[in-house]
Amino acid sequence: MRREITEWWSPNLNKNMEIVAYGHYGEALLLFPSAAADFLEYERFYLIDAIKPQIEAGKFKVYSINSINSESWLNDTMHPRDKAIRHQQFNQYVIDEVVPHIHRDCDGEVPIITSGVSLGALHSVNTFLRRPDIFEGTIGKSGIYDLKAYSKGYYDEDCYFNSPVDYMPNLDDAYWLDQLKAKKHLHLVSGRGAYEDPSASEELGRILDAKGIPNEVDLWGTEGTHDWPTWRAMLPFYLEHKF
């Protein structure tokens with residue numbers, strides 16, 4: 001299985017950023033790390049091994065990027081406004097830099113599915129909902145889709161536009177709604193075990209239903225805890241059976 005690390009100086013983030021690619025062919029799967037982790041997190045916790053059959057079969061070509069959560073919502077030394085600014089810079093990095101890199105690496109435009117676990121699920125689902133013109137779908141695993149869960153009482157316009165449970169109820173623009181209604185892969189997956197919050201997936205699912213946006217809320221049993229064994233079971237199941 002091909003494994004290639006690329007890095008460049010990001011003008012949006014003003015720092016060096018790495019990305020790792022696995023595989024040669026297939027739809028692109030863009031992974032957002034959990035919490036303050038890095039681009040190799042999914043490899044270290046054997047999730048890449050778990051989806052190796054789908055990669056080697058040419059079903060998916062997988063990309064994993066660094067997070068900047070330690071420079072944003074998980075950094076208690078920063079002013080909240082600076083955290084929100086950093087989050088927006090990260091969004092631009094993904095759109096302006098990561099997406100073109102994926103297209104170059106795939107020799108052209110390919111469908112891109114986003115995915116992540118925990119805080120990475122918020123990033124992956126938010127990224128898809130904000131830009132359905134660029135991304136084809138998302139698989140959010142064990143996420144909370146209310147940015148206020150991380151902003152510790154701070155709230156501004158940038159928080160609003162990165163908090164799906166806040167901006168989606170007010171989305172009335174026909175162009176963006178039609179884009180989202182045409183998508184077939186909006187999956188919100190959670191366990192019911194320790195440290196999981198399945199109500200977060202249910203809440204966003206109800207909001208999407210009210211807008212007529214196709215989605216799947218899939219709640220696993222109490223054996224599904226907020227931990228890597230759960231996520232190593234979830235992602236290969238979805239890649240194999242839902243795509």
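Cut-off values and rules
Residues numbered from 1 in each chain as written. Predicted model: local features only at pLDDT ≥ 70, side-chain atom pairs only at ≥ 80, totals over all residues. Heavy atoms only, no water. Pairing = 2+ DSSP bridges. Helix = DSSP H or I, 4+ residues; strand = E, 2+ residues; numbered from the N terminus. Axes fitted to C-alpha atoms, helices over the stretch in contact; angles between N-to-C directions. Contact = heavy atoms within 4.5 Å. Salt bridge = Lys/Arg side-chain N within 4 Å of Asp/Glu carboxyl O. Buried < 20%, exposed > 50% of the residue type's maximum accessible area, 1.4 Å probe, protein only. 1 Å grid on protein atoms, 1.4 Å probe; cavity = no way out; pocket = protein on both sides within 12 Å on 5 of 7 lines; lining within 4 Å. Points joined across faces, edges and corners; volume = space filled by probe spheres on them. Nonpolar A, V, L, I, M, F, W, Y, C, P; charged D, E, K, R; others polar. Polar contact = N/O pair within 3.5 Å; in protein donor to acceptor, adjacent residues only side chain to side chain.

### Some words on the sheet that holds strand E4 (residues 60–65)
Then step 1. Spatial ordering of the open sheet is given by E1-E2-E4-E3-E5-E6-E7-E8, a layout of 8 strands whose pairing is mixed. Whereas interior strands pair on both sides, the edge strands pair on one side only; in this sheet they are strand E1 (3–10) and strand E8 (216–219). Each adjacent strand pair in this sheet contributes to an overall mean axis angle of 20 degrees, direction not counted.
Then step 2. Relative to strand E6 (residues 137–141), strand E5 (residues 112–117) runs parallel, the two being bridged by 5 bridges. When the bridges of E6 are listed, Val 117 appears paired with Lys 141.
Then step 3. Strands in contact with helix H4 (residues 80–105) are E1, strand E2 (15–22), strand E3 (27–32), E4 and E5; relative to E1, the strand with the most contacts, it is inclined by about 130 degrees.
Then step 4. With respect to the sheet, helix H10 (residues 198–210) is in contact with strand E7 (185–190) and E8, its orientation differing from that of E7 by roughly 155 degrees.

### A word on the pattern of salt bridges
Then step 1. In total, this model carries 17 salt bridges according to the counting rule given.
Then step 2. One salt bridge connects Glu 136 with Lys 183, and the closest N-O pair in it is separated by 3.4 Å. Here Glu 136 is found in the loop between helix H5 (119–130) and E6, whereas its partner Lys 183 is found in the loop between helix H9 (174–181) and E7, with 47 residues between them in sequence.
Then step 3. Overall, Glu 136 belongs to the partly exposed group, its relative accessible area being 32%.
Then step 4. Through salt bridges with shared partners, a single network forms among Arg 2, Glu 4, Lys 61 and Asp 105.

### Looking at the layout of surface pockets
Then step 1. Estimates place the volume of the largest pocket at around 230 Å³.
Then step 2. Surrounding the largest pocket, Leu 129, Arg 130, Tyr 160, Phe 161, Tyr 167, Met 168, Asn 170, Leu 171, Trp 176 and Leu 180 form its lining.
Then step 3. Mapped onto the lining of the largest pocket, the elements with two or more residues apiece are H5 and H9.
Then step 4. Residue composition of the lining of the largest pocket, by class: 8 nonpolar, 1 polar and 1 charged.

### Some points on the environment of Arg 3
Then step 1. Looking at the element boundaries, Arg 3 is found in strand E1.
Then step 2. Judged by its relative accessible area of 42%, Arg 3 is partly exposed.
Then step 3. Contacts of Arg 3, omitting those with residues within four sequence positions, involve Val 20, Ala 21, Tyr 22, Leu 40 and Glu 43.
Then step 4. A polar side-chain atom of Arg 3 sits 2.8 Å from a polar atom in the side chain of Glu 43.

### What about the pairing of E2?
Then step 1. With 8 bridges connecting them, E1 and E2 associate as antiparallel partners. Following the sheet pairing, Arg 3 is matched in E2 by Tyr 22.
Then step 2. The pairing of E2 with E4 spans 4 bridges and is antiparallel. Following the sheet pairing, Ala 21 is matched in E4 by Tyr 63.

### Some thoughts on the environment of Met 168
Then step 1. With respect to the element layout, Met 168 can be found in the loop between helix H8 (164–167) and H9.
Then step 2. Here the alpha-carbon distance between Met 168 and Leu 208, two residues 40 residues apart in the chain, equals 7.5 Å.
Then step 3. Leaving out residues up to four positions away in the same chain, Met 168 has contacts with Leu 129, Leu 180, Ile 207, Leu 208, Lys 211 and Ile 213.

### Observations concerning unusual backbone geometry
Then step 1. The residue Ser 142 is not glycine, and still its phi comes out positive at about 60 degrees.
Then step 2. Along the chain, the position of Ser 142 falls in the loop between E6 and helix H6 (148–151).
Then step 3. Of note in the backbone geometry, Lys 152 takes a positive phi value of approximately 55 degrees without being a glycine.
Then step 4. With respect to the element layout, Lys 152 can be found in the loop between H6 and helix H7 (157–160).
Then step 5. Judged by its relative accessible area of 58%, Lys 152 falls in the exposed class.

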